[in-house]
Amino acid sequence: MISTVFFLLATCHSTVFAFSSSGSASLTQRSGPVPAIQINNNNGQRILPNKSPVLHLSSGTVPEDDSEDLTSNPSRRQMLAQSAVAAFSTLLIPKVAVADGDDTNADSYPYNTQVSFGASWSAVDGLNEMDLANRNDKVVGFDMKSYKAMRDDPTRTPVFEQAIKERLYKNKQNPESQVVLDLGTGPFALFAMMAADMGAGKVYAIEGNPEAAASARYTVKKAGYEDIITVIEGISTEIQLPEKVDFCIAELIGSVGSEEGVYSTLKDAVRFVKEPSEADNWIPTRIQTYGAPASYTLHNLFGPPEFDWTKLGGEPIRFRCSDNGLQLLSDPQVIEDISFASSADSNKPKTVEEGTLSFSISADRIGNNLQPLFQEFKQRSDAKSSQEYAETTSHSLSGIAMWPRLFLNDHLIIDSRNYPLGGHQKSHWQTVLPIMASRPMGSLKGGEIVEAKYKFELPLDVTKPPQYSIQGVLKYNNNS
């Protein structure tokens, strides 16, 4: 029987972890379906969670999410701190992960001490899945709230609108002479409608989600654009267009840039475009995924026997990009870099992105992270306990955090986190953190080296989800 339950809002998108002293945990959504992850130490069963929608964004007028109203439902910060108080008696202040069975304190580690970490996952792990008709395949899908969050993101939609306008009027061209393709048009046919509003002569809008395609047709009909916009339901790789297009809009960008299948989609979409090797004929023209070592509050707060992080099996945790529960420990670096035009021009598609990155843990970042972490814990916990939790978390490594950056043309860029330092800001895109060790790797001081070997497998079959792996070592440098 469950004797004690700690409720804790765990990620950026209104998701709640429920911890119990019996060693089980579940993940629920405040406004969505009932428990989506179930982890039980007795049988190890796990059900993947759905991607909860990022809430409506409206510049300066609406709170970032409805949990920020401290007079209504308990906020994520309140619940986090409340759980910290409740869990204090069972909290294990994490010790550094020790290599080769050595239990020596980290302060005495020589420079060449290495602690291994890593995680592997599929693009659909932890996200909504969409079944493809008459297939066993699953791809990343979205619900209506997620589509609305994308539409209403002020850091995204107006920038796309400007990029479409600039492309239609490039070199003083007549927009009516332009044929446009919108891949993944969604239920609002948002970018297709923009192109039509700006005078495009013809727009083809492809959508693989049957419900979204039906909604897009309704939207187009209601706007009176049926003669200009043709909505086509289906997988783009199985569709033939009656003519070539001048440029293609493909907002299929995940929080790890490639996770929504954009690479396989664009490799096929070259056949639709008149001049696919021209960068201006793609919006966006390039995407990148940035990454950096990161600390995470809850990874420090909860551990065995109450919660076993290994039960997630590498499945990432997703945060609002403004969430101070996650803090970066190093300057970000590019992990993934996909140029649409260059990929289109390549006769030998690159289906694997791999390499090794070396990060240096920043003592300045550790110090700067302390205050926002303290504020995270302090909402309901006492100052002394909050300080202890913040100190522990700020000096610990939980994994490599990742987020996207989009180049819509040579001067219009969308950053989901602040560039170049990776600071917090609002975005409907999320920061993705695979938990890469059973307990946080702690006792960091600054000067430690994190070497991360990544391998991103990007299949050319659009119905197959990308596969990701990051394996690395933390090298302690106690002479720094």
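As the structure is a prediction and not an experimental result, all values here were calculated from the model. (Residues numbered from 1 in each chain as written. Predicted model: local features only at pLDDT ≥ 70, side-chain atom pairs only at ≥ 80, totals over all residues. Heavy atoms only, no water.)

Some points on the overall build of the protein
Now for step 1: In terms of regular secondary structure, the protein is built from ten helices and 22 strands.
Now for step 2: When the 480 residues of the protein are sorted by exposure, 58% land in the buried category.
Now for step 3: If you sum the accessible surface of the protein, you get close to 19600 Å²; carbon and sulfur atoms cover 48% of it. (Helix = DSSP H or I, 4+ residues; strand = E, 2+ residues; numbered from the N terminus. Buried < 20%, exposed > 50% of the residue type's maximum accessible area, 1.4 Å probe, protein only. Areas by Shrake-Rupley, 256 points an atom, 1.4 Å probe, with all protein chains shown as cover.)

A short note on the packing of aromatic side chains
Here a ring pair, both rings aromatic, is described through the centre-centre distance and the interplanar angle of the planes.
Now for step 1: For the structure on display, the rule yields eleven aromatic pairs.
Now for step 2: Site record: aromatic cluster; members linked through ring pairs are Trp121, Tyr454, Phe456 and Tyr468.
Now for step 3: A cation over a ring is seen here: Arg286 above Phe407, with NZ or CZ 5.2 Å from the ring centre.
Now for step 4: Its end group placed over the ring of Tyr419, Arg405 keeps NZ or CZ at 3.4 Å from the ring centre. (Phe/Tyr/Trp six-rings, centres within 6.5 Å; stacked < 30°, edge-to-face > 60°. Lys NZ or Arg CZ within 6 Å of the ring centre and 35° of its normal.)

With respect to the environment of Leu181
Now for step 1: Mapped onto the elements of the fold, Leu181 is located in strand E8 (residues 179-183).
Now for step 2: In this structure Leu181 comes out as buried when scored by relative accessible area, which is 0%.
Now for step 3: On a C-alpha basis, the gap between Leu181 and Ala195 in space is 9.5 Å, while along the polypeptide they are 14 residues apart.

Observations regarding the sheet that holds strand E9 (residues 202-207)
Now for step 1: One open sheet accounts for five strands, arranged E10-E9-E8-E11-E12; its pairing is parallel. With one partner strand each, in any of the chains shown, strand E10 (229-233) and strand E12 (282-283) form the two edges of the open sheet. (Pairing = 2+ DSSP bridges.)

Quick word on the side chain of Asp268
Now for step 1: Within the secondary structure, Asp268 is located in helix H6 (residues 262-269).
Now for step 2: At a separation of 2.9 Å, a polar atom in the side chain of Asp268 contacts the side chain of Arg271. (Polar contact = N/O pair within 3.5 Å; in protein donor to acceptor, adjacent residues only side chain to side chain.)

Concerning the pairing of strand E21 (residues 449-457)
Now for step 1: One ladder, built from nine bridges, connects strand E17 (residues 352-360) with E21; its direction is antiparallel. Each bridged residue has a counterpart across the sheet, and for Ser360 the counterpart in E21 is Ile449.
Now for step 2: Judged from the nine bridges that link them, E21 and strand E22 (residues 467-475) form a sheet pairing that is antiparallel. Bridge pairing in E22 links Ala452 to Gly472.

Geometric values such as these leave the question of function open.
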